[in-house]
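# Architecture at a glance
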Amino acid sequence: MMKPYTNLLLVATLTLVASFSPGSLYFSPVRGVATALQAPHSVITPRSHSQKLQPSSLALSSSAVSEPRGGASPNEGASIPNEVFNLVKNIVGAGVLSLPAGVAAFGDHPTALLPAAGLILFIGTLSAYCFSLIGRVCSMTGAKTYRGCWDKSVGTSTSWLPAGACTFKTGVANVAYSMILADTFKSLASTAGYTITRSTSLLSVTLTVLLPLCLLRDLKSLAPFSLLGIACMGFTTSAMFIRYISGSYASPAGKYLADLSPGLAPAFGEVGVKGVKSPKAAILLCMLSTAYLAHYNAPKFYAELKDNTVERFNKMVTLSFTACISIFIAVTSIGFLTFGSNSAGLILNNYSERDGLATACRVALALSIVFSYPLTFVGIREGIFDLSKTSDADRVKKSTPLSLGILAVVTCIASQLKDLSFVLSFGGATLGNSIVFLFPSMMFAAAVKKMGRKDLEGEVKVTKAVGALGIVMGIIGGFQALKSL
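This one's a predicted model, so the numbers in the text were calculated from it and none came from an experiment.

### Here's the deal with the overall build of the chain
- The helix and strand inventory of the chain stands at 15 helices and zero strands.
- For the chain, the residues scored as buried account for 59% of the 485 residues in total.
- Partitioning the contacts of the chain with sequence separation of at least 6, the portion at a separation of at least 24 is 83%.
- If you sum the accessible surface of the chain, you get close to 18,600 Å²; carbon and sulfur atoms cover 66% of it.

### Overview of the packing of helix α8 (residues 228-246) against helix α11 (residues 310-339)
- Between α8 and α11, the shortest axis-to-axis distance is 10 Å and the interhelical angle comes to 35°. In the crossing of α8 with α11, the sense of the turn from one axis to the other is left-handed. Contacts between α8 and α11 involve Thr237, Met240, Phe241 and Tyr244 from the first element and Val331, Ile334, Gly335, Leu337 and Thr338 from the second.

### Concerning a nonpolar patch on the surface
- Taken together, the side chains of Trp160, Leu161, Phe168 and Leu387 define a hydrophobic patch exposed on the protein surface, amounting to about 390 Å² of accessible area.
- Broken down by element, the nonpolar patch gets its largest block of residues, three residues, from helix α6 (residues 160-191).
- The residue Leu161 is located in helix α6 in this model.

### Some points on α6
- A rise of 1.5 Å per residue sets the reference length of α6, with its 32 residues, at 46 Å; its end C-alpha atoms lie 46 Å apart and thus fit the reference within 8%.
- Within α6, 25 of the 32 residues are buried, which leaves it mostly tucked inside the rest of the structure.

### Describing the confidence of the model for the chain
- When the pLDDT values of the chain are averaged, the result is 85; 85% of them are 70 or greater.
- For the stretch residues 19-75, pLDDT sits under 50, and the model shows 175 contacts to residues farther than four places along the chain or on other chains.

### Quick look at the pattern of salt bridges
- If you walk through the whole model with that rule in mind, you get 10 salt bridges.
- One salt bridge connects Asp183 with Arg198, and the closest N-O pair in it is separated by 2.9 Å. Here Asp183 is found in helix α6, whereas its partner Arg198 is found in helix α7 (residues 198-214), with 15 residues between them in sequence.
- A relative accessible area of 13% means that Asp183 is categorised as buried.
- Residues joined in a network through salt bridges with shared partners are Arg381, Glu382 and Arg395.

### Quick notes on the packing of aromatic side chains
- All told, the structure shown has 15 aromatic pairs when counted by the stated rule.
- Members of the aromatic cluster, connected to one another through ring pairs, are Phe131, Tyr292, Phe301, Tyr302, Phe313, Phe321 and Phe328.

### Focus: unusual backbone geometry
- Between Ser251 and the following residue, Pro252, the backbone shows a cis peptide bond with an omega angle of 5°.
- Structurally, Pro252 can be placed in the loop between α8 and α9 (281-291).
- One non-glycine residue, Asp307, adopts positive backbone phi at about 50°.
- Here Asp307 lies in the loop between α10 (298-304) and α11.
- A positive phi angle is found at Lys389, which is not glycine, with a value near 55°.
- Along the chain, the position of Lys389 falls in the loop between α12 (356-387) and α13 (392-416).
- Taking relative accessible area as the criterion, Lys389 reaches 75% and is therefore assigned exposed.

### Remarks on the side chain of His295
- Tracing the chain through its elements places His295 in the loop between α9 and α10.
- Residues contacting His295, with those up to four places away along its chain left out, are Ser127, Cys130, Phe131, Ile134, Tyr146, Phe321, Ile435 and Val436.

### A few points about the side chain of Asn90
- By secondary structure assignment, the location of Asn90 is in helix α2 (residues 80-91).
- On the accessibility criterion, Asn90 (0% relative accessible area) is buried.
- A distance of 3.2 Å separates the side chain of Asn90 from the side chain of Asn297, its partner in a polar contact.

### Describing the environment of Ala358
- Considering the arrangement of structural elements, one finds Ala358 in helix α12.
- Distance from Ala358 to Met240, taken between C-alpha atoms, is 8.1 Å for residues 118 residues apart in sequence.
- Non-local contacts of Ala358, meaning those with residues more than four positions away in its chain, are made with Tyr351 and Ser352.

### With respect to the packing of α8 against α12
- Packing of α8 against α12 brings their axes to within 9 Å, and their N-to-C directions diverge by 160°. Taken together, the axes of α8 and α12 lie roughly antiparallel to each other. α8 and α12 meet at a crossing whose hand is left-handed. On α12, the residues touching Leu228, Gly229, Cys232, Phe235, Thr236, Ala239, Ile242 and Arg243 of α8 are Leu357, Ala360, Cys361, Ala364, Leu365, Leu367, Ser368 and Phe371.
- Looking at the contact of α8 with α12 residue by residue, the class counts come to 12 nonpolar, three polar and one charged.

### Things to note about the environment of Leu264
- Within the secondary structure layout, Leu264 lies in the loop between α8 and α9.
- Between the alpha carbons of Leu264 and Phe339 there is a distance of 7.5 Å; along the sequence they are 75 residues apart.
- In this structure Leu264 touches Phe339, Asn342, Ala344, Asn349 and Asn350, once residues within four positions along its chain are discounted.

### Some details on the state of the cysteines
- Tallied over the full model, the rule gives zero disulfides.
- Free cysteine Cys232: the closest other cysteine sulfur is in Cys361, separated by 7.1 Å.
- For Cys232, a relative accessible area of 2% puts it in the buried group.

### Topic: the environment of Ser238
- Residue position: Ser238 is located in helix α8.
- Judged by relative accessible area, Ser238 falls into the partly exposed class, the value being 40%.
- Separated by 119 residues in sequence, Ser238 and Leu357 place their C-alpha atoms 9.9 Å apart.
- A polar atom in the side chain of Ser238 sits 2.9 Å from the backbone oxygen of Gly234.

Reading the values: rules and limits
Residues numbered from 1 in each chain as written. Predicted model: local features only at pLDDT ≥ 70, side-chain atom pairs only at ≥ 80, totals over all residues. Heavy atoms only, no water. Helix = DSSP H or I, 4+ residues; strand = E, 2+ residues; numbered from the N terminus. Buried < 20%, exposed > 50% of the residue type's maximum accessible area, 1.4 Å probe, protein only. Contact = heavy atoms within 4.5 Å. Areas by Shrake-Rupley, 256 points an atom, 1.4 Å probe, with all protein chains shown as cover. Axes fitted to C-alpha atoms, helices over the stretch in contact; angles between N-to-C directions. Left-handed = near helix turned anticlockwise from the far one by under 90°. Patch = residues over 30% accessible without salt bridge, like charges linked within 9 Å, V, L, I, M, F, W, Y side chains within 5 Å. Salt bridge = Lys/Arg side-chain N within 4 Å of Asp/Glu carboxyl O. Expected span 1.5 Å × (residues − 1). pLDDT = per-residue confidence, 0-100. Phe/Tyr/Trp six-rings, centres within 6.5 Å; stacked < 30°, edge-to-face > 60°. Polar contact = N/O pair within 3.5 Å; in protein donor to acceptor, adjacent residues only side chain to side chain. Parallel < 35°, antiparallel > 145°, perpendicular 65-115°, else oblique. Nonpolar A, V, L, I, M, F, W, Y, C, P; charged D, E, K, R; others polar. Disulfide = S-S within 2.5 Å.

Structure below.
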């Protein structure tokens, strides 16, 4: 196996490469595609109370479901740096801690990180491009929500498709949250000297913490905790780096190595770069579809941007996704270089329960998820109400019973599933690829046709190819995720 310092050089090189992309090309498959539309933007007015919140991704932030600060006009709105921070906060969350397992699905040698970094960069670039497409649809149609983009481009008769996909993808996020909390509180209890089962851990945190929070009528009190997610990820990444560079888990004499079971201890083999040729690499691709998922909030970011021209929006998206790509490569590399093919679906599960630094990471992760959980949970509930066309009066009456039912279903599923990487890869294959790649491509093509923009017909062919690629990745990735069970 390569020396730690040689591996660090590999991490630094991969991250440096990511930092130069996709900015110079404006994240387009062909140079200049994403900046082709420079028509004057529509003036966006604030959303009415009847417009529903868009559900959050697995991002540990409240920005994904918070109300916009108001309409964006040439003289109002958020600056690009502010938008970049909020979008990165929206994207980077607990999902990144599963990515080392995505690499382990097809490789067991440190050099497997080379194609893995390429896939992270590739999917990040396509995700950024599709995020830009949604902003451009908003510019052409004046839409203010993800569903509104579909209504004003494809048509209202099928708008239940993106609405349903967003709602159930949020459900997948809450299942993943519950799984993380079950594992985390079980480990924390063990550190404190108590032995409990994973099911007991999940049931306890659900009944005592999650249930009261999910029944709250007003979630504004949770807004101050939105920064916990990005702070947690920064702290966790630093802790993982410290443990890697110190060799605390390295064979044969790492400080905490003896604490680990054979299935969690570092394991390396000979499958490196060539491993990416395996269909199992599609598991990482679909996990990335979930990791970069923030696209149902693209209209909100476009509406809030000061002087929201397409060019300024593209600049914001470029900076945001470049930062996310770099973070993803760094976390994935450090986790995989530490544990190799035994990288767990939640990488923190690999670390010893005696490891004080890892324990601090688990506490930070638990806190950030606990306070983010109701923010994503409301996305499922309101999404179901929206799909069933429930009136405002009936929503008040049915809110508590529906919340209890949703939480019960989510908890039952989370108690049976133990591999977080499966949940994220299968959710990314079935729903994430649709929201990130297929739907934006369809909306852009329909908007171009409706607006008679013949100058963009060439790009429509590119977007259709992106949508088709999303379908192919979804089919292969979903099949491979099911095989991994």
